[in-house]
Structures are given as structure tokens and as C-alpha cells.
Amino acid sequence: MTAVAAIDQASKKSARKGEAVGVPVRRLGQTYDDAIPDFWFRNNAFLSMFFTGFSATLPEGEDQFIYSVRLFQKKITNPVLKAQVRAFIGQEAHHSKEHDALNETLKKRGYPLGWIENRIRKLNRLMRKHQSPQKQLAGTVCGEHITALMSDYMLGKRPELLEQMAPAMEKMWAWHAIEETEHKGVAFDVYDQLVGDRNLLRRTMMEVTFFFLILNTTHALALMRQTGQMKNWRMWREALGVLGRMGRELRADYMDFYRKDYHPWQHDNRDVLAAARKKYLGEDS
Ligand SMILES: [Fe+2]
Ligand SMILES: [Fe+2]
């Protein structure tokens, strides 16, 4: 049986797109309402604003991820990778929709998330105008590395962090982290097969890391202004402790990206993924 026939047959058997190639597309479709407290993460203002700001970047950010992969989609010849790319696009599109729903709820509370969305939209426009398709895909691969590390941290290394979120947020971030893990190698494989320039990838990683930190920090600080918690020193100590430890504990995995032969699945966390799928989605792998 050819690979294409095998995928077709497996796809018919499974209800979900992408299941046969390890990237099942799921719709979460939660509603986000006033039951979500303002300080939904560990009852800590800065941690909550940091990830609220991050959520605001995601619909546009993931749109750019999809856009950059689509620039190469027609050139992919490997049938498995083709199917994985379709599922990657499906997963990221659902992430955008889910974060949009959350962001709309938080906007109604007066958080300036529209300002963050516009900023990312402008950045996307600039990248699409001035960067080559190769550079844009490299940017996506780097963004995916950061999200894969954060996902592994939340699901595997420090699972108590998800449990410290309000229930709807815990479920949403867990679902997102599970799917980021499932598709962590997809954009990388497209880049590897169709571009392959590791020097460009490493240079881009430094830029993406810089922008990721600057943007998310400035967004969180802007959101902090209306929390009335700017002078809560105990809150700051706790928040910086959690984020600082995350940085320290992810450093080695982050640096692996700069190795010549790096591939995302060298960080083999399939056991973490299987446990999280069971715990949060009731799925047996
Ligand atoms: Fe995503
Ligand atoms: Fe992703």
C-alpha cells in the first residue's frame, strides 16, 4: 500500500482530520465569561497579565505561522508531511478562534488587547512585505520552538502551574499545549526539506527570542497599569520567581536549537503528551 493510500485509509477510520499522522485537529469551543477572575493565574496579577497579553498576540501570531507554511505548501512532496501540514493549519486556526473568544471577553473588561492585536497585525504586514518566504518560515520554526518548550514545561516539567489556573483557562492552555506538542516538528520538517539553511535558522532564533521577550513584557506591563497591583511587592516577587525559574529550567532545551543536527523530536516527550491527552481530553493514546 502506498503512503497516500495508508493515510486515506487511516483517515477514513478516524473521525478527526490529522489523526492518522499524529496531529489530530480538535475544536475546543469553550465559552469565556465572568466566572474567569481577573487574576486567573495563581491569583497573581503579573502572571495573569503576562499570559493574557500572550493570548492577545496569538490569533495574529498563529495567522502568520499558517501564512508562512502555506507559502511552501504546494512544494511539499512527502505525503505524510503534506497531511501533517494540513492538520497543523487546522490546529493553529482553531487556536486562533479559541483565543479570539477569550480575548473578546477580556476586552469587555477594559483590557487594551486591541492595541496588542494591532501591533502584531502591523508586524505581520511588515514581515510579509519585507521578508523572504524562507525568512518568514524560519520565524515560524523559531516561534514553534518557543511554544513547544513552554508547552512541555506546563504539561511535563511543572504541571502544577496549569492546576493553578482558573478551570476554563487550565483546560484551554492544556489543550493548546497538547496540540503545540503534537505539531512541534511540522514547520521544522517543511523548513528542513525545502529551505534547510541552519545559519538563517539560528540567526532568526536570536531575533525571535528578543522580540518574544520584549513584546510580551511590554504588553504585560501595559495591562498591569489598570490592575491596581503595581506596588504589590509580594506579588512581584512571586511572579518573577515563577518566570525566572521557567527561564532557568528551559535554558538547556532552548539552547539545543542552536545545535547543527537539532530536531524538535530529539526532546522526546511522547509520554508527557499521552498523559496530558488522557488527563485533559480523556483520550487514550
Ligand atoms: Fe497554536
Ligand atoms: Fe504551533
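What counts, and at which threshold
- Residues numbered from 1 in each chain as written.
- Chains lettered and ligands numbered in written order.
- Predicted model: local features only at pLDDT ≥ 70, side-chain atom pairs only at ≥ 80, totals over all residues.
- Helix = DSSP H or I, 4+ residues; strand = E, 2+ residues; numbered from the N terminus.
- Rg over C-alpha atoms; globule rule 2.2 N^0.38 Å.
- Buried ≥ 20, exposed ≤ 12 C-beta atoms within 10 Å, placed from the backbone.
- Contact = placed C-beta atoms within 7 Å.
- Core = buried A, V, L, I, M, F, W, Y, C linked by C-beta atoms within 7 Å.
- Axes fitted to C-alpha atoms, helices over the stretch in contact; angles between N-to-C directions.
- Parallel < 35°, antiparallel > 145°, perpendicular 65-115°, else oblique.
- Left-handed = near helix turned anticlockwise from the far one by under 90°.
- Nonpolar A, V, L, I, M, F, W, Y, C, P; charged D, E, K, R; others polar.
- Expected span 1.5 Å × (residues − 1).
- Bend = angle between axes of the 7 residues up to and from the residue.

Visitor: Is there a simple way to explain the overall build of the protein chain in this structure?
Guide: Scanning the protein chain for helices and strands turns up 11 helices and 0 strands. Moving toward the C terminus, one meets the helices and strands of the protein chain in the order α-α-α-α-α-α-α-α-α-α-α. Scaling as 2.2 N^0.38, a compact globule of 285 residues should have a C-alpha radius of gyration of about 19 Å, and the protein chain matches this with 19 Å. With the C-alpha coordinates aligned to their principal axes, the bounding extent of the protein chain is approximately 65 × 40 × 35 Å. Buried positions account for 36% of the 285 residues belonging to the protein chain. Taking contacts inside the protein chain between residues at least 6 apart in sequence as the whole, the part at least 24 apart equals 82%.

Visitor: Any chance you could explain the nonpolar core here in plain terms?
Guide: It is characteristic of soluble globular proteins that their nonpolar side chains tend to be buried jointly. Core analysis: the biggest nonpolar cluster contains 33 residues, and Phe 46, Met 49, Trp 173, Ala 174 and Ile 178 have the highest contact counts within it. For this core, the secondary-structure elements that each account for two or more residues are α2 (45–73), α4 (113–130), α5 (133–157), α7 (167–182), α9 (198–224), α10 (233–256) and α11 (270–281). Among the elements that line this core, the one with the most residues is α2, at 8 residues. Counting residues in hydrophobic clusters, the runner-up holds 23 residues, among them Ala 20, Ala 138, Tyr 191 and Leu 201.

Visitor: For this particular structure, what's the right way to read helix α8 (residues 186–194)?
Guide: Since one α-helical turn is 3.6 residues long, residues separated by three or four positions face the same way. Taken together, the buried positions of α8 are occupied by Val 186, Ala 187, Phe 188, Asp 189, Val 190 and Tyr 191. Where the residues of α8 are buried, they touch α2, α3 (79–108), α5 and α9.

Visitor: Sorry, what's going on with unusual backbone geometry here?
Guide: Peptide bonds are trans in most cases, and residues, glycine excluded, mostly fall at negative phi. Positioned with a positive phi, Arg 42 is a non-glycine residue whose angle comes to about 60°. With respect to the helices and strands, the residue Arg 42 is situated in the loop between α1 (3–13) and α2.

Visitor: What should I look at first to understand the packing of α2 against α4 in this one?
Guide: To characterise two packed helices, one gives the angle between the axes of the helices and the distance between these axes. At a minimum axis separation of 9 Å, α2 and α4 run at an interaxial angle of 30°. Here α2 is positioned roughly parallel relative to α4, judged by the angle of their axes. The handedness of the crossing between α2 and α4 comes out as right-handed. On the side of α2, the interface is formed by Gly 53, Ala 56, Thr 57, Pro 59, Glu 60, Gly 61, Asp 63 and Gln 64, while α4 contributes Leu 113, Ile 116, Glu 117, Ile 120, Arg 121, Asn 124 and Met 127. Here the contact of α2 with α4 is composed, by residue class, of 6 nonpolar, 5 polar and 4 charged.

Visitor: What's the story with the packing of α2 against α5 in this structure? I'm lost.
Guide: Running from N to C, α2 and α5 cross one another at 130°; their axes reach a closest spacing of 9 Å. In this view, α2 runs oblique relative to α5, as classed from their interaxial angle. The two elements α2 and α5 meet at a crossing, and its hand is left-handed. Seen from α2, the contacting residues are Gly 61, Phe 65, Ser 68, Val 69, Leu 71 and Phe 72; seen from α5, they are Pro 133, Gln 136, Leu 137, Gly 139, Thr 140 and Gly 143. The residue makeup of the contact of α2 with α5, split by class, is 6 nonpolar, 6 polar and no charged.

Visitor: Can you help me understand α2 in this one?
Guide: For α2, with 29 residues, the first-to-last C-alpha span of 41 Å sits near the 42 Å given by 1.5 Å per residue. Most pronounced at Leu 58, the bend in α2 amounts to some 40°, and the proline Pro 59 follows within four residues. Most of α2 is tucked away: 21 of the 29 residues are buried.

Visitor: Please explain the environment of Met 169 as it appears in this structure.
Guide: For Met 169, the location among the structural elements is in helix α7. Through-space distance from the C-alpha of Met 169 to that of Leu 102 is 9.1 Å; in sequence the pair is 67 residues apart. For Met 169, the contacting residues outside a window of four places in its chain are Ile 36 and Trp 40.

Visitor: Explain the environment of Pro 24 to me, please; I cannot follow it from the model alone.
Guide: With respect to the secondary-structure elements, Pro 24 resides in the loop between α1 and α2. A residue is classified by how many C-beta atoms lie within 10 Å of it, and Pro 24, with 22 of them, is buried. Apart from the residues within four sequence positions on either side, Pro 24 is in contact with Arg 16, Gly 18 and Glu 19.

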